[in-house]
Amino acid sequence: MIASLLLTVTAAGAMAASSLGSTPQMGFNTWNSFKANYNQSIIHDVADLMVSLGLKDAGYNYLLLDEGWSDMERTDEGYLQANRTTFPDGIKPLAKRVHEMGLKIGLYGDSGILTCGFRPGSWGYEERDAMTLAEWGVDYWKYDNCGGFQAMTRVPQERFLTMQNALLRTGREIFFSVCEWGFQFPWHWGGGIGHSYRMSGDITASFTNETDCPCKTAYCLNTGYAGCSVTTILRKMREISVYQERSHWLDMDMLEVGVANMTIHMQQTHFAFWAALKSPLIIGADLRSLDKESLEILKNKDIIALNQDPLGRPVHFIENAGVEGFIQVWAGELEEGHVVMVFNEKSYPHDVSIPLAELNLGINYPVHARELWSGKSWGLISSIEATLEGYQTLVFRLT
């Protein structure tokens, strides 16, 4: 127990000394669009599009290969290897190409004997696999929790900490993304292990009213691993956003902007809350067919600035300022000013009147406000008086 605690403290100290994760990571992940069915040519196209669409310039710099990049078996010597059919050149040349484009590359693995797709996991191979990643030039390691037998007989804290220490010993800075679906309440321990850690089961391509997410609150033992809507994940964050801290970000899972059949207001709400709650911003849409409106949402500089704000503090839910089931009000501090968010939970328009003094932000009113989706100044205000369309969120920066 003492040795384990010392390992945790030492590892956490090493992570704190690293520049990785000073702001939430941004990038693209293959899973939502391709599942495990992608290849070297597709990844080349995605990398090109990240640059040509202006996403790299907007801050999305990680190109993440989720389940599907690796072979179904290790080499005869016991090393991970790329799928020789879909990635004939291997990962190292791909990493070199990606780096030359000003991007970084990430791979997917698992803390058990198998990945979720029954490819080799890293349980018992942590040192060997970490050194392989470093030798290939990998910058990011998403570490899942399917794992088979060992995944349930060894606590996640032990399995994920073992890999974290192996990554640190490589001497290469590799971002460690812990993906254990909120199992065993990682906001109480994940910050000492991962640069980011998942706080819920997988997001689904639904804004609301999903049926497959077993836990509608954060504190529920049956977290499951998939099927949570945008609004359910947001509901969980009402309870645990207080645990969000710099370099150890609560990961609300990938963005469904441009993936799901959502209205513009739904997509804006989704993106704004992921940004303001300091979740990683990981695009899941197929960039080859991304529509103009969704691309503009993903590239909105003012909303991205909330996510990347140097202060690193998330918004928090202000229960008494809204109306449960109808209007949610969230607010938080920025390095320069404050942000206030007003969300209409219903599918139809709703009028709001919110005196800013009741938010207890510690500032004097009236205050200058700018709404970030419209880009319009509201001048000096002491309250928010507006009509919100169905599922719309107004985002105000107060200075």
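Residues numbered from 1 in each chain as written. Predicted model: local features only at pLDDT ≥ 70, side-chain atom pairs only at ≥ 80, totals over all residues. Heavy atoms only, no water.

### A closer look at the state of the cysteines
Phase 1 of the analysis: The tally for this structure, following the rule as stated, stands at three disulfides.
Phase 2 of the analysis: Each disulfide pairs two cysteine sulfurs, and for Cys213 the partner residue is Cys228, the sulfurs being separated by 2.0 Å. Between Cys213 and Cys228, the S-S torsion sits near 65 degrees, and that sign places the bridge as right-handed. Taken as a pair, Cys213 in the loop between β6 (196-198) and α9 (230-240) and Cys228 in the loop between β6 and α9 lie far apart in primary sequence, 15 residues in all.
Phase 3 of the analysis: Residue classification places Cys213 among the buried residues on the basis of a relative accessible area of 1%.
Phase 4 of the analysis: Two residues, Cys215 and Cys220, share a disulfide whose sulfurs are 2.0 Å apart. Across the S-S bond linking Cys215 and Cys220, the dihedral sits near -70 degrees, which makes this disulfide left-handed.
Phase 5 of the analysis: Taken N- to C-terminal, the disulfide-bonded cysteines of the protein chain are connected 1-2, 3-6, 4-5. (Disulfide = S-S within 2.5 Å. Helix = DSSP H or I, 4+ residues; strand = E, 2+ residues; numbered from the N terminus. Buried < 20%, exposed > 50% of the residue type's maximum accessible area, 1.4 Å probe, protein only.)

### Re the UniProt feature "domain: Alpha galactosidase C-terminal" (unreviewed entry) in the protein chain
Phase 1 of the analysis: In this numbering, the UniProt entry assigns the feature "domain: Alpha galactosidase C-terminal" (unreviewed entry) to residues 325-398.
Phase 2 of the analysis: Within the segment residues 325-398, helix and strand shares are 0% and 58% respectively, and the terminal C-alpha atoms sit 26 Å apart. (UniProt positions renumbered as here; feature names shortened; annotations may be inferred.)

### Observations regarding helix α5 (residues 91-100)
Phase 1 of the analysis: For α5, the set of buried residues is Ile91, Leu94, Ala95 and Val98. Down the axis of α5, the sector holding all buried residues measures 100 degrees, keeping them to one side. Facing away from the buried side of α5, by more than 90 degrees, are the exposed residues Lys96 and Glu100.
Phase 2 of the analysis: Looking at the buried positions of α5, the neighbouring elements they touch are α3 (40-52), β2 (62-64), β3 (104-110) and α6 (126-136).
Phase 3 of the analysis: One or two positions beyond α5, positive phi appears at Gly102, with a value near 85 degrees. (Arc of directions from axis to C-beta. Contact = heavy atoms within 4.5 Å.)

### What about unusual backbone geometry?
Phase 1 of the analysis: In the segment running from Tyr365 into Pro366, the intervening peptide bond is cis, with an omega of 5 degrees.
Phase 2 of the analysis: By the secondary structure assignment, Pro366 is in the loop between β12 (350-355) and β13 (367-371).

### Description of the sheet that holds strand β9 (residues 316-317)
Working definition: the strands of a sheet are paired by backbone hydrogen bonds and lie parallel or antiparallel to each other.
Phase 1 of the analysis: What the six strands build is an open sheet, ordered β9-β10-β11-β16-β13-β14; its pairing is antiparallel. Here the strands that pair on one side only, and so sit at the sheet edges, are β9 and β14 (376-381).
Phase 2 of the analysis: Sitting on the sheet, α9 is in contact with β9, β10 (327-333) and β11 (338-344), with an inclination near 55 degrees to β10.
Phase 3 of the analysis: On top of the sheet, helix α10 (residues 264-276) reaches β10, β11 and β16 (393-398); it is set at about 145 degrees to β11, its chief contact. (Pairing = 2+ DSSP bridges. Axes fitted to C-alpha atoms, helices over the stretch in contact; angles between N-to-C directions.)

### A few points about the pairing of strand β15 (residues 383-388)
Two faces belong to every sheet, and in a regular strand the side chains alternate between them.
Phase 1 of the analysis: Side chains Ile384, Ala386 and Leu388 of β15 all project onto a buried face; the interleaved residues Ser383, Glu385 and Thr387 project onto a face where none is buried.
Phase 2 of the analysis: In the sheet, β12 pairs with β15 via six bridges, with the strands oriented antiparallel. Each bridged residue has a counterpart across the sheet, and for Asp351 the counterpart in β15 is Thr387.

### Some remarks on the environment of Gly284
Phase 1 of the analysis: Position of Gly284 relative to the elements: it lies in the loop between β8 (281-283) and α11 (292-298).
Phase 2 of the analysis: Taking the relative accessible area as the measure of exposure, Gly284 reaches 0% and is therefore buried.
Phase 3 of the analysis: Spatially, the C-alpha atom of Gly284 lies 20 Å from that of Ala95, the residues being 189 residues apart in sequence.
Phase 4 of the analysis: Apart from residues lying up to four places away in sequence, Gly284 is in contact with Phe28, Asn29, Asn32, Ser33, Leu255 and Val259.

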